[in-house]
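Summary of the model geometry
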Amino acid sequence: MPVHPEAEHWLTLSLLPGLGCTLIYRLVEQCGSASAVVRSRGRLRTAPLGVGDRLKEILADEGLLAQAARQARDERDRLEQLGGWLLCPESPEYPPSLHVIPDPPAVLWCRGDLSLFSLSMIALIGSRAATEYGRRTAARFAAELAEHRIVIVSGAAYGIDAAAHRGALAAGGKTVAVLGCGLDVAYPKSHAPMLVDIAASGLVLSEYPLGTKPEGFRFPARNRLISGLCKGVVVVEATEKSGSLITARLALDQGREVFAVPGRVDSLKSAGTHWLIRQGAQLVRHAGDVLEALEMGQGRAAFAAVMPPEDGATAMTEKERLVWEILEVYPQDIDTLVRKTRLAVVDVHGLLLQLELKGLIRQLPGQLYERTGTA
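Criteria and cut-off values
Residues numbered from 1 in each chain as written. Predicted model: local features only at pLDDT ≥ 70, side-chain atom pairs only at ≥ 80, totals over all residues. Heavy atoms only, no water. pLDDT = per-residue confidence, 0-100. Contact = heavy atoms within 4.5 Å. Axes fitted to C-alpha atoms, helices over the stretch in contact; angles between N-to-C directions. Helix = DSSP H or I, 4+ residues; strand = E, 2+ residues; numbered from the N terminus. Parallel < 35°, antiparallel > 145°, perpendicular 65-115°, else oblique. Nonpolar A, V, L, I, M, F, W, Y, C, P; charged D, E, K, R; others polar. Phe/Tyr/Trp six-rings, centres within 6.5 Å; stacked < 30°, edge-to-face > 60°. Buried < 20%, exposed > 50% of the residue type's maximum accessible area, 1.4 Å probe, protein only. Pairing = 2+ DSSP bridges.

1. Observations regarding the confidence of the model for the chain
Averaged over all residues, the pLDDT of the chain is 89; the fraction at 70 or higher stands at 91%. Residue range residues 300-313 is modelled with pLDDT below 50. Its contacts to residues more than four positions away, or to other chains, number 18 contacts.

The structure is reproduced here in structure tokens:
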């Protein structure tokens with residue numbers, strides 16, 4: 001795919017000190033194109049651009065412009081070697097949904113399948129220090145949505161983000177990772193193999209130059225892209241001070257729908273999602289709720305169509321159901337199950353084995369057990 005002829009000029013402007021996305025868009029609007037801004041040079045010194053004198057000096061400094069232009073060419077060549085793409089707002093492949101958000105990125109570094117921008121996207125976000133319940137729920141939502149050809153968007157971080165990406169990949173779906181660092185930087189480092197997998201079948205993108213380090217202030221800025229790409233944002237698990245709440249607020253500002261998955265009322269990890277629900281976010285239990293709210297597919301009916309019916313393989317005896325019903329969304333140990341069921345330890349062990357063979361529960365480290373299926 002050829003790079004748009006204006007892309008390198010947008011990149012040149014973005015590499016100049018003191019120019020953010022908003023100022024670059026203003027300059028391009030007044031001068032007609034990014035190339036016209038770069039070529040104007042000294043004429044900008046007296047032009048009524050609505051920018052400060054210091055920025056006019058920068059735009060009139062031929063040495064700075066030449067340096068930024070060289071950096072832009074080098075950046076383009078390095079990106080091509082990585083097999084990536086450089087998009088500017090005039091590129092046909094630039095995601096349409098980002099054109100209408102406040103402060104859209106002037107340049108996007110992308111690696112993967114750009115055609116995903118034309119598909120429906122939903123963001124799954126949440127706590128980095130997620131519980132097993134949160135990770136499992138994120139993976140399940142991602143897989144269910146992927147089965148309905150929804151692209152899953154997240155930030156490639158620990159916890160909910162990684163679970164969402166992996167859930168989509170495991171279901172054979174598509175997923176987009178939006179980075180808060182350079183496209184060639186894996187953060188966290190342990191997610192490098194996952195990012196390779198995402199780029200191979202989905203898309204990895206960033207608004208930052210190659211080699212940019214993952215500094216803290218970049219992630220809130222990155223979050224506006226996660227919400228901006230999507231029709232809706234699902235917060236799976238979040239504390240009251242979670243960065244996911246920032247993304248939820250950005251989504252509302254952008255006119256996107258916000259959904260929240262409830263957790264236990266005494267779980268600090270779900271305090272943020274419960275706060276969102278109290279503020280008016282839609283409570284969702286599975287992908288069908290999201291699809292119905294966004295009028296995508298057939299909502300709950302579509303979700304029900306992909307749920308396996310209960311048959312002899314998953315039907316439970318009375319005692320198996322007793323144990324299964326006690327195993328709520330959070331793991332429990334054998335001592336707790338023995339106390340609550342009032343059954344012998346040996347009987348509980350046998351029932352747990354049967355439920356595990358039927359795929360309804362699973363064992364975690366420390367002899368803890370949790371539900372995995374529905375019955």
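2. Examining the packing of helix 15 (residues 318-326) against helix 17 (residues 345-357)
Look at helix 15 against helix 17: their axes get within 10 Å of each other, and the N-to-C directions meet at 85 degrees. Compared by their axis directions, helix 15 and helix 17 come out roughly perpendicular. Within the contact between the two elements, helix 15 uses Lys319, Glu320, Val323 and Trp324 and helix 17 uses Leu351, Leu352, Gln354 and Leu355. For the contact of helix 15 with helix 17, the residue count by class is five nonpolar, one polar and two charged.

3. Notes on the packing of aromatic side chains
The full count for this structure, using the stated rule, is two aromatic pairs. Arranged with centres 5.3 Å apart and planes meeting at 65 degrees, the rings of Trp10 and Tyr25 form a pair that is edge-to-face. With a gap of 15 residues between them, Trp10 in helix 1 (residues 7-14) and Tyr25 in helix 2 (residues 21-31) connect regions that are remote in the sequence. What makes Trp10 buried here is its relative accessible area of 2%. Taking the relative accessible area as the measure of exposure, Tyr25 reaches 22% and is therefore partly exposed. With 5.8 Å between their ring centres and 45 degrees between their planes, Tyr187 and Phe219 make a pair best called tilted.

4. A closer look at the sheet that holds strand 9 (residues 282-283)
If you trace the nine strands from one edge of the open sheet to the other, you get 1-2-6-5-4-3-7-8-9, paired in mixed fashion. The two strands at the open ends of the sheet, each matched to only one other strand, are strand 1 (85-87) and strand 9. Relative to strand 5 (residues 175-178), strand 4 (residues 151-154) runs parallel, the two sharing three bridges. Looking at the pairing, Val153 lines up with Val176 of strand 5. The sheet strands contacting helix 7 (residues 132-146) are strand 3 (121-126), strand 4 and strand 7 (232-237), and the helix crosses strand 7 at an angle near 150 degrees. Sitting on the sheet, helix 8 (residues 160-170) is in contact with strand 3, strand 4, strand 5 and strand 7, with an inclination near 140 degrees to strand 3.

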